[in-house]
Amino acid sequence: IALSLKVHFFVFMQFWSAWYQGMRDRPSLIYVRIMPSVVPLVIAKLFSRPLYLEVNDDPFLGGESRGIQRVLDWSEAWMTRRYVQTADRVFPATYGIRQKLIALAGGDPERITVISSGANIDLCRPRKKEDCRRSISLDQDVHYVGFLGTLFRHQGIQVLIESARIIVSERTDTKFLIVGDGPERGVLEAHVQRLGLAEWFVFTGDVPYEQVPVYVGAMDFSVAPFLADRGETSPVKLFDTLACGRPVIASDIPSVRQVFGGTQCGVLFVPPEQPEALSDAIRTWLKDDRTVTALGTAGRQFIVAQHDRTRLAHKVIDTCQC
């Protein structure tokens, strides 16, 4: 009962806030990232304004869930169908998400336009490694292999930890900088402790977005060891990392290869959930600074040319004005 009251109170406050702001500002359109709430749909109807919908992740995961989670997954899928069928324009972040919105949500292909994620290229820019390490008190005499993102299971940090066991047995001058927080942090830190790897791992916890480029700049390069079942999603932190001039070793899954599959994107692909393959790629880059630097430069150029957040925003505006 207490949970139900909290949910109803949240929805009421969300509606009241949106209605008040709408009465005050008289918006020309409603732009919303997909959410498990009918409030944006109702507000768009009340103010007779077009509704534009952003979809960054696969809303149709969880088909084998049970119990209350199954109910929540069904509710999210139902809400997604309502949004997609009602919105004037829908902006999925990947082509895979677009295909699902058409096939599973009954979306009109003419109203669904893929606009991928991007980076703030002014904030996320290359910086001197030594200066970055000095500013956050990191050792200047070791290599740092980094990860940037929220610590969810599907990020595959467990795979990185298994790879680290192999790497530090040969390269004690290598540490792993885990930038971000999330529900898996405690589990991961405990696992690192059990394996005797604590001295080689640095968990920073949550970092202000303005400081992210400093932490990325302190890395030699980054890894994104996504699990195979991650599903369709836009790997937002890869854009920031590449914009900072640091290349990435990433799991070869469709939603990542769609965006970064070119030869000049600064990304090296490895099979997902294979610690040996990941450790081989890391050890190769640790011995080849020239390649790492060249790939970092290529990645930065790729983001500036195709995934500058300002340009993407103008693309959204142009599409909304069609």
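Just above sits the structure.
Since this is a predicted model, take the numbers as computed values, not measurements.

Visitor: Is there a simple way to think about the packing of aromatic side chains in this case?
Guide: How two aromatic rings sit relative to each other is set out by the distance from centre to centre and by the angle between their planes. In the structure shown here, the tally under the stated rule is seven aromatic pairs. Ring geometry for Phe221 and Trp285: centres 5.1 Å apart, planes at 90°, overall edge-to-face. Of this pair, Phe221 sits in strand 7 (residues 221–224) while Trp285 is found in helix 11 (residues 275–286), placing the two residues 64 residues apart along the sequence. Per residue, the accessibility class of Phe221 equals that of Trp285, and both read buried. Centroid distance Phe260 to Phe302: 6.0 Å. Interplanar angle 65°. Geometry classified as edge-to-face. With Phe260 in helix 10 (residues 254–260) and Phe302 in helix 12 (residues 289–306), the pair connects residues that are 42 residues apart, well separated along the chain. Of the two residues examined, Phe260 and Phe302, each falls in the buried class. Ring-pair connections join several aromatic residues into one group, and the members of that group are Phe176, Phe201 and Phe203. The ring of Phe226 has Arg230 sitting right over it, with the charged end atom 4.3 Å from the ring centre. Its end group placed over the ring of Phe269, Arg257 keeps NZ or CZ at 4.2 Å from the ring centre.

Visitor: Help me understand a nonpolar patch on the surface, please; the structure alone is not making it clear to me.
Guide: On the surface, Phe9, Phe12, Met13, Trp16, Trp19, Tyr20, Met23, Val38, Val42, Leu46 and Trp78 cluster together into a nonpolar patch covering about 1100 Å² of accessible area. Listed by contribution, the elements that provide at least two residues to the nonpolar patch are helix 1 (2–25) and helix 2 (39–46). The element that contributes the greatest number of residues to the nonpolar patch is helix 1, accounting for seven residues.

Rules and cut-offs
- Residues numbered from 1 in each chain as written.
- Predicted model: local features only at pLDDT ≥ 70, side-chain atom pairs only at ≥ 80, totals over all residues.
- Heavy atoms only, no water.
- Phe/Tyr/Trp six-rings, centres within 6.5 Å; stacked < 30°, edge-to-face > 60°.
- Helix = DSSP H or I, 4+ residues; strand = E, 2+ residues; numbered from the N terminus.
- Buried < 20%, exposed > 50% of the residue type's maximum accessible area, 1.4 Å probe, protein only.
- Lys NZ or Arg CZ within 6 Å of the ring centre and 35° of its normal.
- Patch = residues over 30% accessible without salt bridge, like charges linked within 9 Å, V, L, I, M, F, W, Y side chains within 5 Å.
- Areas by Shrake-Rupley, 256 points an atom, 1.4 Å probe, with all protein chains shown as cover.
- Salt bridge = Lys/Arg side-chain N within 4 Å of Asp/Glu carboxyl O.

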